[in-house]
There are 4 protein chains.
Amino acid sequence: VSETVPGKLSAAEIQATFDSSPFLGFLRLRVVALDHDAGTLTVTMPMRPELERRQGTGQFHGGPIAAFIDSVGDYAVGMAVGGGVPTINLRIDYLRPAVGSTLTGTARVRRAGRTVALVDVEVFDESQALVAVGRGTYSGQRG
Amino acid sequence: VSETVPGKLSAAEIQATFDSSPFLGFLRLRVVALDHDAGTLTVTMPMRPELERRQGTGQFHGGPIAAFIDSVGDYAVGMAVGGGVPTINLRIDYLRPAVGSTLTGTARVRRAGRTVALVDVEVFDESQALVAVGRGTYSGQRG
Amino acid sequence: VSETVPGKLSAAEIQATFDSSPFLGFLRLRVVALDHDAGTLTVTMPMRPELERRQGTGQFHGGPIAAFIDSVGDYAVGMAVGGGVPTINLRIDYLRPAVGSTLTGTARVRRAGRTVALVDVEVFDESQALVAVGRGTYSGQRG
Amino acid sequence: VSETVPGKLSAAEIQATFDSSPFLGFLRLRVVALDHDAGTLTVTMPMRPELERRQGTGQFHGGPIAAFIDSVGDYAVGMAVGGGVPTINLRIDYLRPAVGSTLTGTARVRRAGRTVALVDVEVFDESQALVAVGRGTYSGQRG
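Residues numbered from 1 in each chain as written. Chains lettered and ligands numbered in written order. Predicted model: local features only at pLDDT ≥ 70, side-chain atom pairs only at ≥ 80, totals over all residues. Heavy atoms only, no water.

Considerations on the sheet that holds strand β4 (residues 102-112) of chain B
Part 1: The strand order across the open sheet built from 12 strands is β1(A)-β2(A)-β4(A)-β5(A)-β6(A)-β3(A)-β3(B)-β6(B)-β5(B)-β4(B)-β2(B)-β1(B), with neighbouring strands paired in antiparallel fashion. Each edge of the sheet is formed by a strand with only one pairing partner; in this case those strands are β1 (30-35) of chain A together with β1 (30-35) of chain B. Ignoring strand direction, the axes of neighbouring strands in this sheet form an average angle of 15°.
Part 2: Running at roughly 145° to β1 of chain B, helix α1 (residues 11-20) of chain B makes contact with β1 and β2 (40-46) of chain B of the sheet. (Pairing = 2+ DSSP bridges. Helix = DSSP H or I, 4+ residues; strand = E, 2+ residues; numbered from the N terminus. Axes fitted to C-alpha atoms, helices over the stretch in contact; angles between N-to-C directions. Contact = heavy atoms within 4.5 Å.)

Listed below in structure tokens is the structure:
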């Protein structure tokens, strides 16, 4: 995770952007891998008390999962254009309850256009079970 | 907001459910209107520092907006069946930046089936500008 | 249906475009109303043998309904910019079986941007039952 | 393509169902591969004059592509339960113009539940370019 490409964001730069956003900083997102050639980005989100669906379930609420998907998808596009991009729309499908201490989300750019980009995101829990998938259309340029 | 219908949730009961959820309590959702016959539910979400998109912008991050849409839609179905229902999938379209101290979301059930329900949600900011719309498929029964 | 606005399509011009498209001509789409100020367009699609879901059911197949939604939504944007626009993505929800001799689709532009537009489409059968809804993101400019 | 599994549809049985549907027969869909264990189904759709977007472009109209995606996704679920299933909703993203004499669609079941199933579909043209992707929620049982 030490790649540096002119005009593109490194893992450290994405991490700094996450950390400086009040909301993403609150979610404690952590960049764990990225590949500019493949257009893929992997990020983790740890459980914290405020993210629980119902007290004592140990399940992530669907809301933070939606936010997580949105953000990982956003920076899979954004890392190629030097900063976060506006989300145009997003579809999220929840497959099963998300439990455990950390979720891992991997985004893959399916089409990178000048005006719009399409990204797929998959979210796994610690047992590698697929808990949710997202598909988002983002602006192809920085917001 | 004082309606009581057997087997259905009153505004106070929905509010209590919101307050008891770690995540929804954190979002400080507030029920402001509901109509069981029309299948509509209106809820507000106030700004708080953790929800800001970028420090100093005064804009809500899209993540909490997605979570807000999901929850308002969920209880538009849930108020008719006595409790929250699983979200199957959700599409969110962001129309413009959401600024100000409070967002208002109104959900309307478009189809209430035994197995699945379809709900539309519209989110307005304080100037009554439409900032985002959501369309979700929920389970027709309590989770 | 006799409106003429410079740079915008009249009902007759949209009809001519439908008729000249091999696929839309095959679907026999007919423009019945439009309102440039409101951003609304209403079109009908009659049953024909090739559109039946299963022989003898009298039900429209979901495929032509998807195509119908896409096209009505497209020209709700296109009528303002002088011609059809590329569809970026489309969500369709099927609510109930669509029967009868004609479907009516009404599109409403929710946001008309320079790069992207958002459109809602509702489809009714002859008994005025809502059979399907669509929400599409289109390019804001001619394809 | 000669697999026979009790209670499940073989390729020949899916083909017979396609051929007996007025609309799918019109589209001339052809089953080319299926794998019950993997939950994948591959089908082709040839160009025919009625499917052209604009006369002389050689491009498939987006409407038949949507119908194609819907049907391939449907039978990826349906082949496991012995017949076609109701489509609940469908998202389609168009990536580039679809040209050539035949499109190939591959569906993969991402989650097969008793009440709902989630399916991803990818559509390629003859040059193996990805022209559209679909994601659909279907009933988990025969319609």
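What about the pattern of salt bridges?
Part 1: What the rule picks out here adds up to 20 salt bridges over all chains.
Part 2: Put simply, Arg110 of chain A and Asp120 of chain A hold a salt bridge, and the shortest N to O gap is 2.9 Å. Taken as a pair, Arg110 of chain A in strand β4 (residues 102-112) and Asp120 of chain A in strand β5 (residues 116-124) lie far apart in primary sequence, 10 residues in all.
Part 3: Exposure remark for Arg110 of chain A: the relative accessible area of 14% places this residue in the buried category.
Part 4: Asp120 of chain A sits in the buried class, given a relative accessible area of 9%.
Part 5: As a salt-bridge pair, Arg48 of chain C and Glu50 of chain C come within 2.9 Å of each other at their nearest N and O atoms.
Part 6: The exposure class assigned to Glu50 of chain C is partly exposed, which follows from its relative accessible area of 23%.
Part 7: Within the structure, one salt-bridge network assembled from shared partners comprises Arg110, Asp120 and Arg135 of chain A together with Glu122 of chain D. (Salt bridge = Lys/Arg side-chain N within 4 Å of Asp/Glu carboxyl O. Buried < 20%, exposed > 50% of the residue type's maximum accessible area, 1.4 Å probe, protein only.)

Things to note about the confidence of the model for chain A
Part 1: With 98% of its residues at a pLDDT of at least 70, chain A reaches an overall mean of 95.
Part 2: For this predicted complex, the interface confidence comes out at an ipTM of 0.93, alongside a pTM of 0.95. (pLDDT = per-residue confidence, 0-100.)

As for the interface of chain C and chain B
Part 1: Taken together, the 16 residues of chain C in the interface contact 16 residues of chain B.
Part 2: Summed over both partners, the interface of chain C with chain B buries about 1400 Å², with 45% contributed by carbon and sulfur atoms.
Part 3: Ranking the residues of chain C by area buried against chain B places Arg91, Arg110 and Arg135 of chain C at the top, with a combined share of 46%.
Part 4: At the surface where chain C touches chain B, the tally comes to two salt bridges.
Part 5: Between Arg110 of chain B and Glu122 of chain C there is a salt bridge; the shortest N-O distance is 2.7 Å.
Part 6: In this structure, the connection of chain C to chain B is made through 10 residue pairs in polar contact (both at pLDDT 80 or more).
Part 7: When residues of the side of chain C that touches chain B are traced back to their parent elements, those giving at least two are β3 (87-94), β4 (102-112), β5 (116-124) and β6 (130-139) of chain C.
Part 8: Tallied by class, residues from the side of chain C that touches chain B come to five nonpolar, four polar and seven charged. (Buried area = accessible area lost by both parts, 1.4 Å probe. Polar contact = N/O pair within 3.5 Å; in protein donor to acceptor, adjacent residues only side chain to side chain. Nonpolar A, V, L, I, M, F, W, Y, C, P; charged D, E, K, R; others polar.)

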